[in-house]
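Coordinates in review
So the chains spell out like this:
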Amino acid sequence: MADALLQGLLQVLTPQSLLMMVVGVALGFVVGILPGLGGAVTLALLLPFTFSMDPVPAFALLLGMYVVAATAGDITSVLFGVPGEASSAAVVLDGYPMTRRGRAGRALGAVLTSSGIGALVGAVVLVVLIPLIRPIILNIGPPEFFALAVLGLTFVVTLSSGKLLKGALACLFGVLVSLVGLDPATGSPRFTFGLLELWDGISIVPVVIGLFGGAEVLQLMMQKGSVASTNPASASVSGVGAGVRDALRRWPLAVRSGAIGTGLSLVPGMGGSVAQFVAYGHAKSVSKNPEEFGKGSVEGVVAAGATGVAKDCGSLIPTVAFGIPGSASSAVLLSAFLILGLDPGKEMLTTELDVTMSMVWIALLATVIAIGVALALVRPLAKLSYVSGPLLIPFLLLLLSIGAFTENNSWTDVLVMLAFVVVGVACIRWDWPRVPLLLGFVLGEILERYIFLSNSLFGAAWITRTPVLAIGACIVAILASHFVRERRAARRLQMAASAAAAGPAVDLSTEHRSHDREGVL
Amino acid sequence: MATTSPSPTPARRHIPSADLIGGVLLAAVMAGAFVLTRGWDHDAAVFPRGVSLGGAALGVVLVVRSLIGTREAPAVPHEMETPDEQLEYVFHTATARQWLVTLGWFVGFFVSLYVLGLYPTAILYTVAYLRIQDNRSWVFSGIYAVLLTGVMYLAFSVVLTQQVPAGLFGLA
């Protein structure tokens, strides 16, 4: 193993590999910052350039671009509230409020550093798990995947403080939307209303961009000021160091979030879109200041940012070990394996282990380069948050439309994005949670696939499998602890209200904030 | 830390109309989805049927809960938040005129994109928006529009060779 690690590093440090990595990092920046240009599309565009390359330089280009896109996507999320990547949506929840308060530099410093910590965790997990992964994964079947998906949904729905019912309803609506298109089992169209354009289903990119980015652009159009509401003269654009220190001080949270990102990405389909919110929810549930979440909590930024590259490392594991891609981007990477004459599976874990280990190094080095460049650019980037709002509007509208359009080069996606702008604005205006809707949408297809497979393979007996029962127990425990917490919070609010009614001045700000922030998730 | 001297509003029965309407709307959508599944194959319908039934049931529960009403804690005035904590969305306070103007520009952009395509829209919309909404000079608006369109062209058409909306006349 150590030999393979060293061999992998030496292969990465050749001039050709380093050059390809730098090109990949530069492209990854562009792809990550521009919403909608997913890693999968750009990976596919880059594939022809790798035909004549050796495996390691080819992966330096592809993987370098892929992992950096995740980090760069966070920059757009923080600065404009428009997720650069679908997997950067959770960064918007606290990163953008920090920017609106004039703390863009600090938010960027924190998110970039936590992304680096997450990358390190992902790389370590990748190295450790590669020899062990086969027996672990082979013991996890469709029933366990289904139970894990339900667990993820439960976790996120319970985070809609005080709005469990609305969260669950939004989640089911998201699941319903995910079912639009041809049924994978029978091939019959569902909820397509006779429109051929809907037969392929609804892509995640227009949904994410509309739900989160569209609302922020409309907000900027209405308020006409800059993104940051504070006076630029008084606000610090240079809080980068503070942000870096914030993330380093919270390294246990970043490590746990990175582990969540890597762990969940092992399950095909449950990559970054789910992991970021689960990590965010975990941070909120263990935080001493949960009332700050959604209003610019550094912990929220650190947790969401740490999953960025970590989830890419996680999704590499099933791709390398079994040839099972965990996401669309992994599927394109898989085709690169085949083009380059590599056979995912046993060969990648034995004779080609050095190539596998070179991927670990590429992910790490590319992230380090990207973070170095991004940190150097943070000051000018953060100043963008003080640019006059109307100047940004044409640019942001162009990004929204291209982001939605380029996913499938289809106007249907633009219309879907606009529909979700309406949904996003309505959610904010009438205090409905947006995240359960998105998670329901992401997990809907997975839930259906795995429940179908579970029933086909095991009948109703799959419910009694030990791992499923254990995950079920976790779900019950999460729900129970949620109700206990809600009850306590309600009691505290009631006591504070009674005290306010009976006595002199009393501090209600915390209670009020926790009530007011319900719209966060 | 914000403090207040109490002038307590007595607890009152409150019917959250947004929840009520949202509940009715979603219950109707879910019921409609359930009806649609009745014409499908069993395998294709079983999961959507479960989801829509569950959603309809939750929608009804939300409606009932909204109609019964909830006891509110005494109202807490908004002034209690320090300015640093105010990150209100303008959607809550915008006037009808603000909504109309904003939506007009928003919809106008996408109509222009559909008809003219990306690059002509980038130039025309930017100039119009900056001139009318931000009172910028013609020269500034023109230069900014050309620069922005140039950057977009370089990024999407040259570097990434992405297809962009071409409009009805194929201008982009």
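Note that the coordinates shown come from a computational prediction; the quantities given were computed from them, not determined experimentally. (Residues numbered from 1 in each chain as written. Chains lettered and ligands numbered in written order. Predicted model: local features only at pLDDT ≥ 70, side-chain atom pairs only at ≥ 80, totals over all residues.)

Let's shift gears to the overall build of chain B. What chain B contains, in helices and strands, is five helices and three strands. Tracing chain B from N to C terminus, the helices and strands come up as β-β-α-α-β-α-α-α. By the burial criterion, 26% of the 172 residues in chain B qualify as buried. Within chain B, residue pairs in contact and separated by at least 24 positions form 63% of the contacts whose partners lie at least 6 positions apart. (Helix = DSSP H or I, 4+ residues; strand = E, 2+ residues; numbered from the N terminus. Buried ≥ 20, exposed ≤ 12 C-beta atoms within 10 Å, placed from the backbone. Contact = placed C-beta atoms within 7 Å.)

Time to look at the environment of B:Thr126. Looking at the secondary structure, you find B:Thr126 in helix H4 (residues 118-134). Using a count of 26 C-beta atoms within 10 Å as the deciding quantity, one classes B:Thr126 as buried. Ignoring any residue separated from it by four or fewer positions in sequence, one finds B:Thr126 in contact with A:Pro394, B:Ser141, B:Tyr144, B:Ala145 and B:Leu148.

As a further point, take the confidence of the model for chain A. All names here are of chain A. Here chain A averages 80 in pLDDT, while 86% of its residues score no lower than 70. For chain A, per-element mean pLDDT is lowest for helix H21 (residues 509-516), which scores 40, and highest for strand S2 (residues 189-190), which scores 92. Within the model, the stretch residues 505-521 combines pLDDT values under 50 with 45 contacts to residues more than four positions away or in other chains. (pLDDT = per-residue confidence, 0-100.)

The next subject is the confidence of the model for chain B. Residues and elements named next belong to chain B. In this model, chain B carries a mean pLDDT of 81, and residues with pLDDT of at least 70 account for 80%. The secondary-structure element of chain B with the lowest mean pLDDT is strand S1 (residues 3-4), recorded at 44, while H4 shows the highest, at 93. Low pLDDT (under 50) marks residues 1-8, which in the prediction has 20 contacts with non-local residues, meaning those over four places away or in another chain. A low-confidence stretch, residues 71-86 stays under pLDDT 50, and its non-local contacts, those more than four residues away or across chains, total 27 contacts. Predicted complex metrics record ipTM = 0.83 and pTM = 0.74.

Our next topic: the interface of chain A and chain B. With 60 residues of chain A at the contact, the number on the chain B side is 62 residues. Here the side of chain A that touches chain B gets nine residues from one element, more than from any other, and that element is helix H17 (residues 389-405) of chain A. Considering only residue class, the side of chain A that touches chain B consists of 39 nonpolar, 11 polar and 10 charged. (Nonpolar A, V, L, I, M, F, W, Y, C, P; charged D, E, K, R; others polar.)

All names here are of chain A. Contact pair helix H9 (residues 204-223) / helix H18 (residues 411-429): the axes reach a minimum separation of 7 Å and the direction vectors enclose 55°. As far as their axial angle goes, H18 and H9 are oblique. Crossing hand, H9 versus H18: right-handed. Contacts between H9 and H18 involve Pro206, Val207, Ile209, Gly210, Leu211, Phe212, Gly214, Ala215 and Leu218 from the first element and Asp413, Val416, Met417, Leu418, Ala419, Phe420, Val421, Val423, Gly424, Val425 and Ile428 from the second. (Axes fitted to C-alpha atoms, helices over the stretch in contact; angles between N-to-C directions. Parallel < 35°, antiparallel > 145°, perpendicular 65-115°, else oblique. Left-handed = near helix turned anticlockwise from the far one by under 90°.)

Taking 1.5 Å of rise per residue, the 12 residues of helix H5 (residues 89-100) of chain A would be expected to cover 16 Å, and the 17 Å separating its terminal C-alpha atoms lies within 8% of that figure. Most of H5(A) sits inside the fold, with 12 of its 12 residues counted as buried. (Expected span 1.5 Å × (residues − 1).)

Residues and elements named next belong to chain B. An ideal rise of 1.5 Å per residue puts 30 Å on 21 residues; helix H3 (residues 96-116) measures up with 29 Å between its terminal C-alpha atoms. Taken residue by residue, H3 has Thr102, Trp105, Phe109, Leu113 and Leu116 as its buried positions. Down the axis of H3, the smallest arc covering the buried residues is 110°, so these residues share one side. Opposite its buried face, H3 presents the exposed residues Ala96, Arg97, Leu100, Gly104, Val107 and Val111, each directed more than 90 degrees away. (Arc of directions from axis to C-beta.)

Residue and element names in this part refer to chain A. Its place among the elements puts Ser87 in the loop between helix H4 (55-80) and H5. The exposure class assigned to Ser87 is buried, which follows from the 32 C-beta atoms found within 10 Å. Along the backbone, Ser87 and Leu198 are 111 residues apart, and their C-alpha atoms lie at a distance of 23 Å.

Residues and elements named next belong to chain A. Viewed as axis vectors pointing N to C, helix H1 (residues 2-12) and helix H16 (residues 353-383) meet at an angle of 60°, and their least axial separation amounts to 7 Å. Classed by the angle they form, the pair H1 and H16 counts as oblique. In this structure, the crossing between H1 and H16 has a hand that is right-handed. Of H16, the residues touching H1 (which contributes Ala4, Leu5, Gln7, Gly8, Leu9, Gln11 and Val12) are Leu353, Asp354, Met357, Ser358, Val360, Trp361, Ile362 and Leu365. For the contact of H1 with H16, the class distribution of residues is 10 nonpolar, four polar and one charged.

The next subject is unusual backbone geometry. One non-glycine residue, A:Phe193, lies in the positive phi region at around 50°. Despite not being glycine, B:Asn135 shows a phi value in the positive range, around 55°. With respect to the element layout, B:Asn135 can be found in the loop between H4 and helix H5 (138-159).

Below, the discussion takes up the environment of A:Val150. Residue placement: A:Val150 occurs in helix H7 (residues 142-158). The class for A:Val150 is partly exposed, based on 19 C-beta atoms found within 10 Å.

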